[in-house]
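Fold and contact review
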Number of protein chains: 6
Amino acid sequence: MRLLVVNSNTTESVTARIDLAAKAAASPGTAVQTVSAPFGLPLIVSRADWLVAGPATLAALAARRGQYDAAVIACFGDPGLDAAKELLDVPVLGISEAAFHAASMLGRRFGVVSFTAALRPMFEDCLAHHGLAARCAGFRMGPAFAGDPGLVAEQRAELLVDLCRQSVEQDGAEAVILAGGPLAGLAPVIADRVPVPLVDGTAAAVRMAEALVGLAPPGAPRPKRDRALTGFAGEIAALYAAP
Amino acid sequence: MRLLVVNSNTTESVTARIDLAAKAAASPGTAVQTVSAPFGLPLIVSRADWLVAGPATLAALAARRGQYDAAVIACFGDPGLDAAKELLDVPVLGISEAAFHAASMLGRRFGVVSFTAALRPMFEDCLAHHGLAARCAGFRMGPAFAGDPGLVAEQRAELLVDLCRQSVEQDGAEAVILAGGPLAGLAPVIADRVPVPLVDGTAAAVRMAEALVGLAPPGAPRPKRDRALTGFAGEIAALYAAP
Amino acid sequence: MRLLVVNSNTTESVTARIDLAAKAAASPGTAVQTVSAPFGLPLIVSRADWLVAGPATLAALAARRGQYDAAVIACFGDPGLDAAKELLDVPVLGISEAAFHAASMLGRRFGVVSFTAALRPMFEDCLAHHGLAARCAGFRMGPAFAGDPGLVAEQRAELLVDLCRQSVEQDGAEAVILAGGPLAGLAPVIADRVPVPLVDGTAAAVRMAEALVGLAPPGAPRPKRDRALTGFAGEIAALYAAP
Amino acid sequence: MRLLVVNSNTTESVTARIDLAAKAAASPGTAVQTVSAPFGLPLIVSRADWLVAGPATLAALAARRGQYDAAVIACFGDPGLDAAKELLDVPVLGISEAAFHAASMLGRRFGVVSFTAALRPMFEDCLAHHGLAARCAGFRMGPAFAGDPGLVAEQRAELLVDLCRQSVEQDGAEAVILAGGPLAGLAPVIADRVPVPLVDGTAAAVRMAEALVGLAPPGAPRPKRDRALTGFAGEIAALYAAP
Amino acid sequence: MRLLVVNSNTTESVTARIDLAAKAAASPGTAVQTVSAPFGLPLIVSRADWLVAGPATLAALAARRGQYDAAVIACFGDPGLDAAKELLDVPVLGISEAAFHAASMLGRRFGVVSFTAALRPMFEDCLAHHGLAARCAGFRMGPAFAGDPGLVAEQRAELLVDLCRQSVEQDGAEAVILAGGPLAGLAPVIADRVPVPLVDGTAAAVRMAEALVGLAPPGAPRPKRDRALTGFAGEIAALYAAP
Amino acid sequence: MRLLVVNSNTTESVTARIDLAAKAAASPGTAVQTVSAPFGLPLIVSRADWLVAGPATLAALAARRGQYDAAVIACFGDPGLDAAKELLDVPVLGISEAAFHAASMLGRRFGVVSFTAALRPMFEDCLAHHGLAARCAGFRMGPAFAGDPGLVAEQRAELLVDLCRQSVEQDGAEAVILAGGPLAGLAPVIADRVPVPLVDGTAAAVRMAEALVGLAPPGAPRPKRDRALTGFAGEIAALYAAP
């Protein structure tokens, strides 16, 4: 199985981190390719960032169309996810979507932990969008962050362990999601210091994508509208045109 | 007061219709300017359409920055709304957002009526996003539509009257929203045939924008991040850079 | 446009404060008249108070029937609101209703701040009734209060600033409602000390009332039941009789 | 135990019907007294009716203060209920409140059946207020009604049986509430024609009131505010004054 | 009336405590018999415990079939409740179910207090199952407990008073449920130290059971499936066989 | 990877059907073993059935403890699921749980289709328990069924196709779950006649189980209580004892 993983931001050090986490989670028969968004922002933090990350993500997906059996959008807010699901003929998963569903299957209530409070509004919207707010025990976020997102996982590891423990002890979380692309790969490093399963969104999405490929036949074909999209790169426009 | 109204699609006949509806609703002291999205799609129907309509809408807003005191996004799904609220220093309203809130103040349960069922998924997501699903008595939508969106209001007027009445009589709606940019201006034409208030999203948004300008001082200034956005038109990128 | 504002309690100093806030918020063409409830209680604090404030508010509305184009019920719990909407042919808005809707358009999550915890049960019921609980980030209330409600805004200004900041910093509010008729007019005084928009219910209701007048034609006329109400003042009974 | 049952409307034939149903449901040791509201409306149908029925109900409760160990508000919308709970030192129950709770204990989903659709908006608000909407399988209501409310139970008995069966077969109700004061006493008459338990609000409230008397000690005494209520009958004002 | 009360665990000291509380709450005409589960666990704490407590409870109910007019499952999680309601021809109530409904009628928001945090996940599931989460002001639980459940009520009485007060003062509870079979009978002992009604689940269930007996005729008879249950005691299997 | 699949009922023809579906869905490296419940009922239809199916399922899981890396409970109601998650050290998934989550990732709203309406109450409870009711577009169920559950998939295939289409066309489902163990394996047979993905619970659970094994380290070890369970088979009791 060929899996395309798209980091929705343009920071290569984060893409490298995501690539490692994705490959560590993938099954033997899965070939993982991880790419950065071809344009956009170095870090996706707010709702405004989320907006422009959508087409940037779609561009990466469109450029490699036909070269993968499933795709993962590796940005914890799932920019472009609904459009990609609609436009592509293969399963597409967001890392927050996958994390919420996986955590729900691992514990009755899950906590969400991340490195900076600035991400909370985007995460809350994303959680509500996926309809699993009732399964969430609460958010625990670190303070404002202005450094290199590719290094924050190590720099704030101790803080994140503390936040995970608070989520378990004070909020009653039975699983904890380490949220945010820049935290990809941290879960196994700190897992033995937290008494519940730690869910890494990237790993969860890789596994869920493997699970969904071939699971449900897409059903009888439906006619597609032919739409003339202007102002976006040709490969994005091609997604909107009739096949 | 200067009000910019952005039609998020590129169909000039719809823009003209929105412009008429907006000017008819505006108070004497309000100068309305209505523009089309500078690029994108001729009609916004699905979640995928909604994605690309966001930056297209933002581009229209960015190009005229500083020339308006409030803005309305005239596409019933509110593409780009959250980003625009975050990036701009003036009130920005979506026509669905305004319609949901206005209808809630005019009746305890509101119905949503539109010309084609294809719009329902996008509308449902939008309603859930604004948190007012509990106030909605239900959706009543017409069949698939493939004609000129600038003419659909007249072509399907009789059908829309029927759907409005069903919403009142069978769903218990105490107000009905005529949803979708292409229906701008239809409400006053058919109002005397429906026994509850008919809410036009464009008109509601114009009035709500007038109401919000100056209502709540924006509060103490907050520091803004400086972000280097690539791959989008210069005026959009300028919105993301520090002031 | 003629706007009647009814203070649902009998305290003239609060009515004067509401009158100032309403006139400050009104557009040039709006003539504001503010009156006290003709009977009832000096302060509306609890659910029991809310009950008797309903007919008292209705009496004020009924006594001036035909003399206004819209009305505002200036008591943060909206006593008598649903009945007034049903009985009168003009838009009627409650200040809590208007504040909840306006705050929802100004920020994704709003906080509610008021001077005394005694108001919280009534406010919570009111918020739930309007269906916007999911948009509320939480309540922050001061301690018990036994002084002159006409002076509490000044006496507790510092406390209220602190509560607003807690709402923003700890609860994630993106707008804050200063709740309760006695706080009318406080928002502009403390706005520069709080980093999000401050919503004054009275000002919001005045603006929303202006927005709704003429927005949606009331629809085809419906037959009215003729009901013989006894035990209430003649003008209230007249509202229930057939036209 | 002395139980006061208040019919919130002024129609004596309905009061008589309620009295019969209440006495049939009461345990041997319970002395039931049923009274009409001393003023107000002959039938409580809409939200506006509900408003004035509140003080009318309170007047009946206040006039007999000290003469009962518990009280029931026998109007399916529970006018005045929250105020009565706050002001009186004995348990007060509404017949809709009691019906919703009793039906929830008798079946996982309950249907609500009544004689006229005009009652639905008031019932929906009441259901939402009590927080049990998720337990409700739906409403089934008859058409508009303009006759004697004291006779409607017999006149529409066949229709009501049909509606009950639809509630069971089409909505999945496992218990059905016969809603509305005028239907008091109908349940045992038609029970053998409906395959699930039929809940009569009056009977449920009588039984629940018996259950709650003495169940939970009211707790340590709390100080009461002394409030000077004007414009209402002296016995109502006395409820608001300090003891 | 004959009432069977089943303690779902096997600890006789808890059964004795429940028996005292049940008899203290019962009306003069009610004959209470309290029994332990014939097998199972000495204390029901977790979701896994709840599973096996279900058939154990059913066994106790089945063994005495025909000897009671109503039954109470005296374990705060209501193991076996839905099955018992389905299989038996008499009303069956759980003590948590009864406590949630009774508390909702005594106060608008209720708190839940218990002796050990280990019970919270089971209680939360139970509250959600009964659909009354919106009426709950929050949980306040003591630390881990490893002693004799028959003595914990006395040993932790001071702690429980503190938790009740926190529920009232910090969470806004207007009634407090003392949750867990081992706390049966504690409410009257500490009631004068907490300023809101204290609800004892056992007492509430006894009273609610008395209220429901005969309240709603069970309706027209429905055909029963004949099912051959193996692997459980004969009296349980008999419940599943056709009558 | 070794996967144990437990059919919670005792009908071998259903177990055989589940086994085929599970093996068809499993990845090459997964060794599937499917077993029937060692005791219990031939078909799990109601809430009462669900109760006894829990320990029966647990018995099957306990008897093979240590012989599998993950387990699936193949009964659409997930009997025993929460207990199994708590007691076992490997991932355990229910087929309804897996179907709800997988369908949510394949479409924004999913429909639930099954062969008999008798299953609806159990399914609704299960859906609510997993917190995904907001993602469900509705239920479509066939009439009462009294035949061999091992043959119903073929006997009612045409009906089920119709119900799936109604779910898509009338309810707006974007994915449809074929619910109930007896429908295992039907999805691929009818997929080309329904225009959205068809989710088979057994297949979904097999894939989700593969995805979760090794995904999230279980975290730091927690002390386990030692509990003496009586009245159940020794292997079940062993699950409750300390390790």
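Residues numbered from 1 in each chain as written. Chains lettered and ligands numbered in written order. Predicted model: local features only at pLDDT ≥ 70, side-chain atom pairs only at ≥ 80, totals over all residues. Heavy atoms only, no water.

**A closer look at the side chain of arginine 108 of chain B**
- Following the sequence through the fold, arginine 108 of chain B ends up in the loop between helix H4 (95–106) and strand E5 (110–114).
- A polar contact is formed between the side chain of arginine 108 of chain B and the backbone oxygen of histidine 129 of chain C, at a distance of 2.8 Å.
- A distance of 2.7 Å separates polar atoms of two side chains, one belonging to arginine 108 of chain B and the other to aspartate 125 of chain D.
- When residues no more than four places from it in sequence are discounted, the contact partners of arginine 108 of chain B are Arg135 and Glu174 of chain B, His129 of chain C together with Arg47 and Asp125 of chain D. (Helix = DSSP H or I, 4+ residues; strand = E, 2+ residues; numbered from the N terminus. Polar contact = N/O pair within 3.5 Å; in protein donor to acceptor, adjacent residues only side chain to side chain. Contact = heavy atoms within 4.5 Å.)

**Looking at the interface of chain A and chain F**
- In this assembly, 38 residues from chain A lie in contact with 38 residues from chain F.
- Note on chain A versus chain F: buried area summed over both sides is about 3200 Å², and carbon and sulfur give 64% of it.
- For chain A, the biggest contributors to the area lost against chain F are Met105, Arg207 and Leu215 of chain A; these three give 20% of the whole.
- At the surface where chain A touches chain F, the tally comes to 0 salt bridges.
- The interface formed by chain A and chain F contains 11 residue pairs in polar contact (both at pLDDT 80 or more).
- Among the elements of the structure, helix H4 (95–106), helix H5 (120–130), strand E8 (198–200) and helix H9 (201–212) of chain A are those that each provide at least two residues to the side of chain A that touches chain F.
- Element by element, the count of residues in the side of chain A that touches chain F is highest for H9 of chain A, at 7 residues.
- Class assignment of the residues belonging to the side of chain A that touches chain F gives a composition of 23 nonpolar, 7 polar and 8 charged. (Buried area = accessible area lost by both parts, 1.4 Å probe. Salt bridge = Lys/Arg side-chain N within 4 Å of Asp/Glu carboxyl O. Nonpolar A, V, L, I, M, F, W, Y, C, P; charged D, E, K, R; others polar.)

**Observations concerning the sheet that holds strand E2 (residues 31–36) of chain B**
All names here are of chain B.
- The strand order E2-E1-E3-E4 describes an open sheet built from 4 strands, whose pairing is parallel. With partners counted over all chains shown, the strands left at the sheet margins are E2 and strand E4 (92–94), one partner each. Shown here is a sheet whose adjacent strand axes are inclined to one another by a mean of 20°, direction ignored.
- Looking at chain direction, strand E3 (residues 70–73) and E4 are connected through 3 bridges and run parallel. Pairing of valine 72 across the sheet is with leucine 93, part of E4.
- Sheet strands touched by H4: E3 and E4. Its angle to E4, the strand with the most contacts, is close to 75°. (Pairing = 2+ DSSP bridges. Axes fitted to C-alpha atoms, helices over the stretch in contact; angles between N-to-C directions.)

**A word on the environment of serine 167 of chain A**
- Here serine 167 of chain A lies in helix H7 (residues 157–171).
- Distance from serine 167 of chain A to serine 36 of chain A, taken between C-alpha atoms, is 32 Å for residues 131 residues apart in sequence.

**A word on the pairing of strand E5 (residues 110–114) of chain C**
Residue and element names in this part refer to chain C.
- Burial of E5 is extensive: 5 of the 5 residues sit out of reach of the surface.
- Neither face of E5 is exposed, since Phe110, Val112 and Ser114 on one face and Gly111 and Val113 on the opposite face are all buried.
- Bridge analysis of E5 against strand E6 (residues 136–141) gives 5 bridges, and the strand direction is parallel. Bridge pairing in E6 places valine 112 opposite phenylalanine 139. (Buried < 20%, exposed > 50% of the residue type's maximum accessible area, 1.4 Å probe, protein only.)

**With respect to the pattern of salt bridges**
- In the structure shown here, the tally under the stated rule is 72 salt bridges over all chains.
- Of the charged contacts in the structure, one is a salt bridge between arginine 17 of chain A and glutamate 154 of chain A, with a shortest N-O distance of 2.5 Å. Here arginine 17 of chain A, found in helix H1 (residues 12–25), pairs with glutamate 154 of chain A, found in helix H6 (residues 152–155); they are 137 residues apart in sequence, far enough to count as distant.
- For glutamate 174 of chain F, the salt bridge is made with arginine 47 of chain B, and the minimal N-O distance between the two is 2.9 Å. With one member in each of two chains, glutamate 174 of chain F in the loop between helix H7 (157–171) and strand E7 (175–178) and arginine 47 of chain B in helix H2 (residues 47–63) form a pair that bridges those chains.
- A relative accessible area of 21% places glutamate 174 of chain F in the partly exposed class.
- Judged by relative accessible area, arginine 47 of chain B falls into the buried class, the value being 15%.
- Connected via shared salt-bridge partners are Arg47 and Asp125 of chain A together with Arg108 and Glu174 of chain C.

**Focus on the arrangement of the chains**
- There is no contact between chain B and chain E; across them, the least C-alpha separation is 15 Å.
- Spatially, chain C and chain F are disjoint, and the shortest separation between their C-alpha atoms is 14 Å.

**Regarding helix H4 (residues 95–106) of chain D**
All names here are of chain D.
- Taking 1.5 Å per residue as the helical rise, H4 with its 12 residues ought to reach 16 Å, and the 16 Å between its terminal C-alpha atoms agrees with that figure.
- The buried fraction of H4 amounts to 11 of the 12 residues, a majority that puts the element mostly inside the structure.
- Buried residues of H4: Ile95, Ser96, Glu97, Ala98, Ala99, Phe100, His101, Ala102, Ala103, Ser104 and Met105, and no others. (Expected span 1.5 Å × (residues − 1).)

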